[in-house]
Amino acid sequence: MKSLSLFLFFSLVSSILFASEPVFIEQRSVEKIIRLDINSSINPATYSYLKAGFQEAQENEFGAILITLNTPGGLVSTTKEILTLFGDSDLPVIVWIRPEGASATSAGAIISSGAHMLYMSDGTNMGAATPIEMSGDIKQTDARSKAINDLVALVQSLAQTRGRNADLFAEMIEKASSFKSKEALEKKLIDGIANSTKEIRELSHDRVIKIKGKQVKLEFRDAQIISFGMDLGQKLLDILANPSTAYILFVIGAGLIYLELQAAGGFIAGGIGVVCLLLAGIGFQVLPLNFGALGLIVLSFILLIMEVYITSFGILTLAGLAALISGSLFLFRSDDAYLHLSYSVIASTVAAVVAFAGLIAYVIIRDRKKSHIEEFNSMKGKEGVVLENLHDNIYQIKVAGEVWKAEGPLGLDN
């Protein structure tokens, strides 16, 4: 009994001591807030921009970082890098999903889970964070299950740390759930609804948050918000890393090279086509490219070119269009992607290719009807202009808008 009494006594004393131990809360007065704007997919350009902004905030004594977010999704790898950037920051990170009509879907929803303070404007939504599927049975693969479980654990951990509804953040990934601003506030997914920077300051004022395990109370009421934009290189990469932009540049480049092969000229179409392909290549370098799908798109143009030289009665054209559509649908489908091409972009691109191929076919058929098949595209009887004497009696001449090499007597001039 004596030992039991001593145990109870020491337990009571310990509980009193621990209960009376004060919780230290650091007071911070925020005078300047740096504002970073994301209005595109989440890609390496986005990370480079945010990293530069965080560095600017540290070097110039900003008190907080405000990120406005409107994104359709992006790369999982880049998303995790951004979350690490949030976690390493000594400054509070505020994510504001805006303006009205904006959304933080897919990768944007995962990024939002890591913000110290999270706000949405009226008329916005957040969620639908299930990674893009590569095929109908990929849900059953071990790789996909591991990827989803990893993301679920990540957002739950972040949401719990920030005091938000961890289960519903997990549901965004597992069930692709999406939440409107008012619904998100009611279910404790966000910290408030704000429609202006003034409301952001008011909602953040005197709020206690946890930064690297420390309790911090922030004073925001008189803070000045200063915008920090992308540099030229980041803007260019951000544009080229848009899936639709990269895809359209690639198709235009391939189409112009196809035109150059059909109508010999001054290499203008071919030159522009090569530039378009190089720009598309820059975008493809940072996007989750499916090389099998890219091969199908290349095959589609090869089949369209073969149609001109081989009589297939349209079979090669149909095969080319099928390859183009299939390749377009799966071009950016991978385990690291929250991206996909819009069906409207694919439909309009295929329609343009069909119209272009139809125009070429019409011109060829029309010219063949006007002349004998052996004389198709013949230069006989046509007058040309000598552009350059290449060597000896070989000249570069322009005939009917086309540039050719021709052999003729010495002494020709322009």
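Structural data are supplied above this passage.
Below, the structure is looked at part by part. Everything quoted here is computed from the prediction, not taken from an experiment.

## A few points about the overall build of the chain
Scanning the chain for helices and strands turns up 14 helices and 15 strands. Per-residue burial for the chain yields a buried fraction of 41% across its 414 residues. Long-range pairs, those at least 24 residues apart, make up 68% of the contacts in the chain between residues at least 6 apart in sequence. Within the structure as shown, the chain displays about 22000 Å² of accessible surface, and the carbon and sulfur contribution to it stands at 59%.

## Describing the packing of aromatic side chains
Here a ring pair, both rings aromatic, is described through the centre-centre distance and the interplanar angle of the planes. Within the structure shown, the criterion is met by three aromatic pairs. Consider the rings of Tyr49 and Phe228, whose centres lie 6.3 Å apart with planes at 5°: the pair is stacked. Placement of the pair is Tyr49 in helix H2 (residues 44-59) and Phe228 in the loop between strand E12 (224-227) and helix H9 (232-240), with a sequence separation of 179 residues. For Tyr49, a relative accessible area of 2% puts it in the buried group. With a centroid separation of 6.1 Å and 10° between ring planes, the pair formed by Phe54 and Phe86 is classed as stacked. With Phe54 in helix H2 and Phe86 in helix H3 (residues 76-88), this residue pair connects regions lying 32 residues apart in the sequence.

## Things to note about the sheet that holds strand E4 (residues 93-97)
Within the open sheet, the six strands sit side by side as E9-E6-E4-E3-E2-E12. Their pairing is parallel. This sheet does not close on itself; its edge strands, each paired only once, are strand E9 (192-193) and E12. When strand E2 (residues 32-38) meets E12, the two strands line up parallel, connected through four bridges. Among the inter-strand pairings, Ile33 is bridged to a residue of E12, identified as Ile225. Sitting on the sheet, H2 is in contact with E2, strand E3 (64-69) and E4, with an inclination near 175° to E2.

## Some details on the pairing of strand E14 (residues 394-399)
Successive side chains on a regular strand alternate, one facing one side of the sheet and the next facing the other. Here E14 shows a clear split, with Tyr395, Ile397 and Val399 buried on one side and none of Ile394, Gln396 and Lys398 buried on the other. The pairing of strand E13 (residues 384-391) with E14 spans six bridges and is antiparallel. Among the inter-strand pairings, His391 is bridged to a residue of E14, identified as Ile394. The loop that links E13 with its antiparallel partner E14 comprises two residues; one of these, Asp392, has a positive phi angle of about 45°. Sheet topology places E14 next to strand E15 (residues 402-407); six bridges connect them, and they run antiparallel. When the sheet's bridge partners are listed, Ile394 is paired in E15 with Glu407.

## Section: the side chain of Ser204
Checked against the element boundaries, Ser204 lands in helix H8 (residues 197-204). Judged by its relative accessible area of 0%, Ser204 is buried. At 2.8 Å, the side chain of Ser204 forms a polar contact with the backbone oxygen of Ile200. Setting aside residues up to four positions removed in sequence, Ser204 forms contacts with Ile94, Met117, Tyr119, Leu218 and Phe220.

Calculation criteria
- Residues numbered from 1 in each chain as written.
- Predicted model: local features only at pLDDT ≥ 70, side-chain atom pairs only at ≥ 80, totals over all residues.
- Heavy atoms only, no water.
- Helix = DSSP H or I, 4+ residues; strand = E, 2+ residues; numbered from the N terminus.
- Buried < 20%, exposed > 50% of the residue type's maximum accessible area, 1.4 Å probe, protein only.
- Contact = heavy atoms within 4.5 Å.
- Areas by Shrake-Rupley, 256 points an atom, 1.4 Å probe, with all protein chains shown as cover.
- Phe/Tyr/Trp six-rings, centres within 6.5 Å; stacked < 30°, edge-to-face > 60°.
- Pairing = 2+ DSSP bridges.
- Axes fitted to C-alpha atoms, helices over the stretch in contact; angles between N-to-C directions.
- Polar contact = N/O pair within 3.5 Å; in protein donor to acceptor, adjacent residues only side chain to side chain.

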